[in-house]
Structure formats: structure tokens, C-alpha cells
Amino acid sequence: MKKYILITLLAASLSGCIGVPNIKENTINTIIQNNRPNNQTLFSSNLWWQNSKDDNLNTLINEILSNNSQIKIAKLNIDKANSSLLMAKRANLSSFDLSASGSRSHILKNHISTQLPIRDFKNSNNLNKGNIALQGGYTLDLWGKFKALEKQGEYIKLANVLQSRWVSLNISVSVADIYGKYILLTKEEDIVNKKLQIANKIYNLQKFSYKTGLTDEQSLLTAENNSREIKSALATIKINKHIIKNSLNNLNGSIESPIINSVFNNIDNDHNLKFHNLINTPNYIDSDIVINRPDIQYYLSIIKSQKEKLKSIKADFYPRFSILGNIEYQALNIEHLIDANSTILNFGPSLYLPLFNRNTLKQNYKIAGTDLNIFIENYNSHIIEAYQTINNNLMTLKLANNTNELNNKNFINSNQIYKNNNILFDLGNISKMNLLISKNNFLDAQLKDIKSKYNLYQNQINLINSLGGYYKNEVK
């Protein structure tokens with residue numbers, strides 16, 4: 001008898017091995033940089049914005065990261081993954097179930113004769129029966145199914161943690177970008193107000209000149225239109241500042257926040273506020289940085305979790321051995337169930353052979369293999385895109401840095417020209433109109449310089465975002 005059992009188990013195991021479909025796994029791309037410098041120490045910080053030493057920016061980002069709904073959802077997904085992992089660790093241990101039942105049977109014909117002290121069947125055609133049982137089981141992990149499920153749960157949990165980091169990065173980058181735009185608008189508003197004062201003075205001069213016949217109507221109307229256009233520009237700036245406030249409150253999940261309002265008030269009242277440097281412009285970036293981006297690590301975790309899923313599905317092709325047991329009380333009179341003398345204890349092995357559902361198992365295995373290759377190609381696509389994005393942002397940042405230096409030199413020259421014209425005006429060598437035009441040109445150069453600095457600030461943010469956070473030592 002034992003011989004037949006062993007032969008059956010061996011045949012079932014071989015049939016499981018033979019019946020598993022062959023899955024061709026796609027190749028995972030790697031990015032190799034030739035002539036890579038030595039001593040590349042990778043260090044990343046999830047708090048990249050602290051490098052700016054900007055209290056206003058730090059306050060805004062910390063406030064919004066604490067209240068943003070997307071980040072809260074990401075954290076809830078981590079909690080969900082933790083619960084799923086705990087379930088996976090206990091997947092091969094069945095729950096201990098308590099069951100109870102009672103029945104009343106009507107006997108149509110009775111030919112039973114018994115001397116047992118139970119209800120006399122001859123005097124009644126009804127039979128009451130009750131039972132209460134506690135049962136459970138344990139499945140042996142001979143083929144690594146439950147170990148694979150546990151590892152799959154660990155990788156899914158890691159994927160959710162990485163997803164949370166990526167969401168936090170995107171939110172913090174958005175806040176920093178909006179913060180920079182508000183500074184730009186505030187400085188622009190200050191300059192445009194000064195330009196409006198000049199435009200009004202020029203209009204008054206043109207009006208006086210027109211009355212005295214020293215200028216024509218076209219010059220007067222042009223000056224008047226210029227004043228109106230500047231007023232319209234100011235109104236647009238005010239609206240855009242209000243929209244920015246709404247955008248930050250939206251990220252914060254609130255209609256209005258005292259902390260956000262306080263930061264905006266600081267910006268409005270600080271006319272000397274500058275765009276802080278977030279990251280020095282590197283000459284090159286090691287390609288290994290791409291691998292450490294949270295989104296790239298996320299896709300790698302998904303791939304690893306899917307490989308573990310394949311292992312767990314593959315184990316379903318083989319016999320499943322379990323140890324089952326239960327203890328049961330039975331009584332032919334329900335009111336005496338707890339006191340029943342009929343106690344049954346069952347304990348023994350159980351064997352499950354996948355004989356008639358193999359086609360379903362094959363299709364599930366093939367689908368899981370296809371999903372694995374889809375995840376691999378998603379990873380391949382994202383890693384190439386990430387590498388190109390980093391390089392593009394690095395080149396754009398270098399260009400922005402050069403442009404900022406040139407604009408700064410132009411601004412210095414414009415400032416000197418305006419100072420010289422002030423001296424000439426005091427000496428009576430140029431007119432009031434020429435001095436106002438010179439001051440207006442100086443303000444235009446100042447505004448261009450500010451926009452150039454904002455462009456540099458914005459490109460720093462873009463590079464930080466593409467790097468997956470602020471990095472040290474690996475950027476040269």
C-alpha cells in the first residue's frame with residue numbers, strides 16, 4: 001500500500017514539473033557610463049529643500065507635506081500593504097474556526113432497535129441532533145509557495161513606500177516652483193509700479209508739451225496708452241498672485257491657512273528677498289543616480305514582486321500537503337450538547353492533487369509571466385526616459401546659469417548708465433524726459449535680470465526633481 005502511495009506522489013510531482021509552461025523573461029535595461037570617475041559616494045536626502053536655507057520655503061513645504069491628501073493616501077496604502085504582508089506570512093496556516101449546528105429530522109419509517117439511553121424512536125418520529133466543533137489546519141510549504149507570497153508582500157510594501165517618497169518629492173517640487181513664482185510676481189509688481197509712476201510722469205510731460213505745441217497728438221496718445229497697459233499688467237499680476245495662493249491652499253487641502261498666509265506676507269514685505277540657490281550646477285551626473293530614483297526603484301520592486309508571484313503560482317502545479325485537525329462535540333439532544341459524552345477528535349494529513357484544473361493553472365501562470373514582461377518594459381521605458389530627462393535638465397541648467405551671468409552683467413551696465421544720466425541731468429545736459437526714459441530702461445533691465453534668476457531657480461528645481469531628490473558627492 002505504501003508503495004502505491006509513493007508511486008502516486010512521485011507521478012504527481014513529475015506531472016507538476018512537466019506541466020509548468022516555459023516563460024521567456026524580457027531583458028532589464030541597464031545604463032552604463034564609460035570612463036566613470038572613481039570614489040562615487042551616493043547620498044540622497046528626502047529633505048532636499050533644506051539645502052536652500054530658506055525659512056519661508058521650509059515652512060511652506062513642511063506645512064503642505066503634513067496636510068496633502070495625496071501623501072495621506074500614499075501612507076494609507078503603506079498601512080494596507082503592511083496588513084497584506086501580515087496575511088501572507090500566515091497564508092499556510094488556516095484560521096481556527098468554531099462551528100455549531102443543530103437539526104431536527106422527521107423519520108418516516110423506523111426499523112431501528114437500540115438499547116442506548118436515547119430518545120425512544122418507537123415513541124417518536126422526530127430526531128434532534130446537535131454538534132459543536134473547533135477545527136484548523138496547516139499546509140506544508142514544500143514548494144516554496146508561501147515563502148514566495150511573503151516575499152511578494154514585502155516587495156509590494158517597499159513599492160508603496162517608494163511611491164510615497166515619489167509623491168512627496170513631486171509635491172515638494174510643486175510647492176518650491178509655486179513659491180518661486182510668487183517671489184517673481186512680487187518683485188515684478190514692485191518694478192511695474194515704478195514703471196507706472198514713470199509712465200504717468202511721461203504722460204504729464206507729453207500733455208504739457210502738446211498744449212504748448214512742442215509735441216504732436218500721437219506722442220500724447222502713445223504715452224496715455226502705455227500708462228493704461230502698465231495698469232492692466234499690474235491687475236494681471238495681482239490676479240496671478242491670488243491664483244498662486246489658491247493653488248497652495250489646494251495642495252494643503254484647505255480653503256485658507258494661517259501659516260501659508262504668513263509666508264506670503266513675509267514675501268510681500270521683504271523687498272530684498274532673493275531666489276536661494278538649491279543646488280550647484282554640476283559638470284556631469286553619474287548614470288547610477290538614475291537607478292536610485294524612487295520611481296525607478298518602485299518599478300524594480302514591482303518586477304521583483306511579480307517574480308515571487310510566478311513562484312507561488314508555479315507551486316500550485318505540485319501536490320499540496322496539509323495537516324488538518326478538529327475536535328467535535330455531538331449530542332442527540334441539543335440542550336445537552338455542552339455536556340455531551342460523544343467527543344470526536346480528528347487529526348491527520350491531507351493531500352491535494354491538481355489533476356483537473358491544470359489548464360486554468362497554466363493560463364494563470366502565462367498571464368503572470370506576461371504581466372512580468374509588461375512591468376519589465378515599463379521599467380525599461382522609464383529608466384531611459386529618466387536618464388534623458390536628467391541630461392536634458394542638466395544642459396538646460398547650464399544654459400540658464402550662463403544666461404543669468406550675462407543678464408547680470410547687462411543689468412550692472414544699465415545701472416551705471418542710469419547713474420551717469422542722473423549726473424548729466426543734474427548738470428543740465430539731458431532733459432527730464434530723457435532721464436525718465438533712462439530710468440524706465442534701467443527697470444526693464446532689472447526685471448529681465450530677476451526673470452533670469454527665477455529661470456535659474458526653476459531649472460535647479462527641475463534637475464532636483466529628475467534626480468529624485470537632492471544629491472551630494474555624486475554630482476561633480
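Before reading further, recall that the structure is shown in the block above.
Throughout what follows, the structure given in this document is the object of discussion.

Calculation notes
- Residues numbered from 1 in each chain as written.
- Predicted model: local features only at pLDDT ≥ 70, side-chain atom pairs only at ≥ 80, totals over all residues.
- Heavy atoms only, no water.
- Helix = DSSP H or I, 4+ residues; strand = E, 2+ residues; numbered from the N terminus.
- Buried < 20%, exposed > 50% of the residue type's maximum accessible area, 1.4 Å probe, protein only.
- Contact = heavy atoms within 4.5 Å.
- Patch = residues over 30% accessible without salt bridge, like charges linked within 9 Å, V, L, I, M, F, W, Y side chains within 5 Å.
- Areas by Shrake-Rupley, 256 points an atom, 1.4 Å probe, with all protein chains shown as cover.
- Salt bridge = Lys/Arg side-chain N within 4 Å of Asp/Glu carboxyl O.
- Lys, Arg positive; Asp, Glu negative; His and termini not counted.
- Charge placed at Lys NZ, Arg CZ, Asp CG, Glu CD.
- Phe/Tyr/Trp six-rings, centres within 6.5 Å; stacked < 30°, edge-to-face > 60°.
- Core = buried A, V, L, I, M, F, W, Y, C linked by side-chain atoms within 4.5 Å.
- Axes fitted to C-alpha atoms, helices over the stretch in contact; angles between N-to-C directions.
- Parallel < 35°, antiparallel > 145°, perpendicular 65-115°, else oblique.
- Left-handed = near helix turned anticlockwise from the far one by under 90°.
- Nonpolar A, V, L, I, M, F, W, Y, C, P; charged D, E, K, R; others polar.
- Polar contact = N/O pair within 3.5 Å; in protein donor to acceptor, adjacent residues only side chain to side chain.
- Expected span 1.5 Å × (residues − 1).

## A closer look at the overall build of the chain
Line of reasoning, step 1. Counting its secondary structure elements, the chain contains 10 helices and 6 strands.
Line of reasoning, step 2. Of all 476 residues assigned to the chain, the portion counted as buried reaches 39%.
Line of reasoning, step 3. Within the chain, contacts between residues separated by at least 24 positions form 85% of all contacts whose residues are at least 6 apart in sequence.

## Focus: a positive patch on the surface
Line of reasoning, step 1. A cluster of basic residues, Lys 89, Lys 147, Lys 151 and Lys 157, forms a positive patch on the protein surface.
Line of reasoning, step 2. Considering each element in turn, the positive patch owes the most residues, 3 residues, to helix α4 (residues 145–211).
Line of reasoning, step 3. Mapped onto the secondary structure, Lys 157 falls in helix α4.

## Quick word on the packing of aromatic side chains
Line of reasoning, step 1. Counting across every chain of the model gives 9 aromatic pairs.
Line of reasoning, step 2. For the ring pair Phe 317 and Tyr 365, a centre distance of 6.0 Å and an interplane angle of 85° mean the geometry is edge-to-face. Of this pair, Phe 317 sits in the loop between α8 (294–315) and β4 (320–331) while Tyr 365 sits in helix α9 (residues 358–426), and the two are 48 residues apart along the sequence. Taken as a pair, Phe 317 and Tyr 365 share a single burial class, namely buried.
Line of reasoning, step 3. Residues Phe 411 and Phe 442 carry aromatic rings whose centres are separated by 5.6 Å and whose planes lie at 25° to one another, so their mutual orientation is stacked. With a gap of 31 residues between them, Phe 411 in helix α9 and Phe 442 in helix α10 (residues 432–467) connect regions that are remote in the sequence.
Line of reasoning, step 4. Judged by its relative accessible area of 13%, Phe 442 is buried.

## A short note on the nonpolar core
Line of reasoning, step 1. Of all hydrophobic cores here, the largest spans 85 residues; its most connected members are Tyr 179, Leu 248 and Tyr 457.
Line of reasoning, step 2. If you list the elements that add at least two residues to this core, you get α2 (55–67), α4, α5 (217–251), α6 (258–269), α7 (288–291), α8, α9 and α10.
Line of reasoning, step 3. In contact with Tyr 179, not counting residues within four places along its chain, are Asp 54, Asn 56, Leu 57, Leu 60, Val 263, Ile 267, Leu 273 and Tyr 457.

## Section: the packing of α8 against α9
Line of reasoning, step 1. Remark: α8 packs on α9, axes separated minimally by 9 Å, with the N-to-C direction vectors making an angle of 165°. What the angle tells us is that α8 and α9 run roughly antiparallel. Note on packing geometry: the crossing formed by α8 with α9 is left-handed.
Line of reasoning, step 2. Here the residues of the contact of α8 with α9 are counted per class, giving 16 nonpolar, 5 polar and 3 charged.

## As for the side chain of Lys 187
Line of reasoning, step 1. In this fold, Lys 187 is placed in helix α4.
Line of reasoning, step 2. At 7.0 Å, Asp 270 is the nearest oppositely charged side chain to Lys 187, a buried residue that forms no salt bridge.
Line of reasoning, step 3. Only 2.4 Å separates the side chain of Lys 187 from the backbone oxygen of Leu 273, close enough to count as a polar contact.
Line of reasoning, step 4. In contact with Lys 187, other than residues within four places in its own chain, are His 271, Asn 272, Leu 273, Lys 274 and Ile 450.

## Observations concerning the pattern of salt bridges
Line of reasoning, step 1. The final tally for this structure, using the stated rule, is 13 salt bridges.
Line of reasoning, step 2. A salt bridge links Asp 316 to Arg 320; the shortest N-O distance between them is 3.8 Å.
Line of reasoning, step 3. Asp 316 gets classed as buried once you look at its relative accessible area, which sits at 15%.
Line of reasoning, step 4. Several salt bridges share partner residues, and in doing so they unite Glu 189, Lys 238, Lys 241 and Asp 268 into one network.

## Some words on unusual backbone geometry
Line of reasoning, step 1. Despite not being glycine, Lys 53 shows a phi value in the positive range, around 60°.
Line of reasoning, step 2. Following the sequence through the fold, Lys 53 ends up in the loop between β1 (43–45) and α2.
Line of reasoning, step 3. By relative accessible area, Lys 53 is classed as exposed at 67%.

## Some thoughts on the packing of α4 against α5
Line of reasoning, step 1. Orientation of α4 relative to α5, taken along the N-to-C sense of each, is 160°, at an axis distance of 8 Å. Taken together, the axes of α4 and α5 lie roughly antiparallel to each other. Every pair of crossing elements has a handedness; the one defined by α4 and α5 is left-handed.
Line of reasoning, step 2. In the contact of α4 with α5, the residues fall into 19 nonpolar, 10 polar and 11 charged.

## A few points about the side chain of Lys 145
Line of reasoning, step 1. Here Lys 145 is to be found in helix α4.
Line of reasoning, step 2. For Lys 145, a relative accessible area of 18% translates into the label buried.
Line of reasoning, step 3. At a separation of 3.3 Å, a polar atom in the side chain of Lys 145 contacts the main-chain carbonyl oxygen of Ser 312.
Line of reasoning, step 4. When near neighbours in sequence (up to four residues on either side) are disregarded, Lys 145 contacts Ser 312, Ala 315 and Asp 316.

## Concerning the environment of Pro 21
Line of reasoning, step 1. On the secondary structure map, Pro 21 appears in the loop between α1 (2–19) and β1.
Line of reasoning, step 2. Setting aside chain neighbours within four positions, we find Pro 21 in contact with Phe 317, Lys 362, Tyr 365 and Lys 366.

## Here's the deal with a nonpolar patch on the surface
Line of reasoning, step 1. Taken together, Leu 93, Tyr 138, Leu 140, Leu 142, Trp 143, Ile 323 and Phe 347 make up a surface patch of nonpolar side chains, about 690 Å² in accessible area.
Line of reasoning, step 2. Relative to the elements of secondary structure, Leu 93 occurs in the loop between α3 (69–89) and β2 (97–106).
Line of reasoning, step 3. Given the relative accessible area of 42%, Leu 93 is considered partly exposed.

## A short note on α9
Line of reasoning, step 1. Along its 69 residues, α9 runs 99 Å from first to last C-alpha, staying within 8% of the 102 Å computed at 1.5 Å per residue.
Line of reasoning, step 2. Within two residues after α9, Gly 428 carries a phi angle of roughly 80°, on the positive side.

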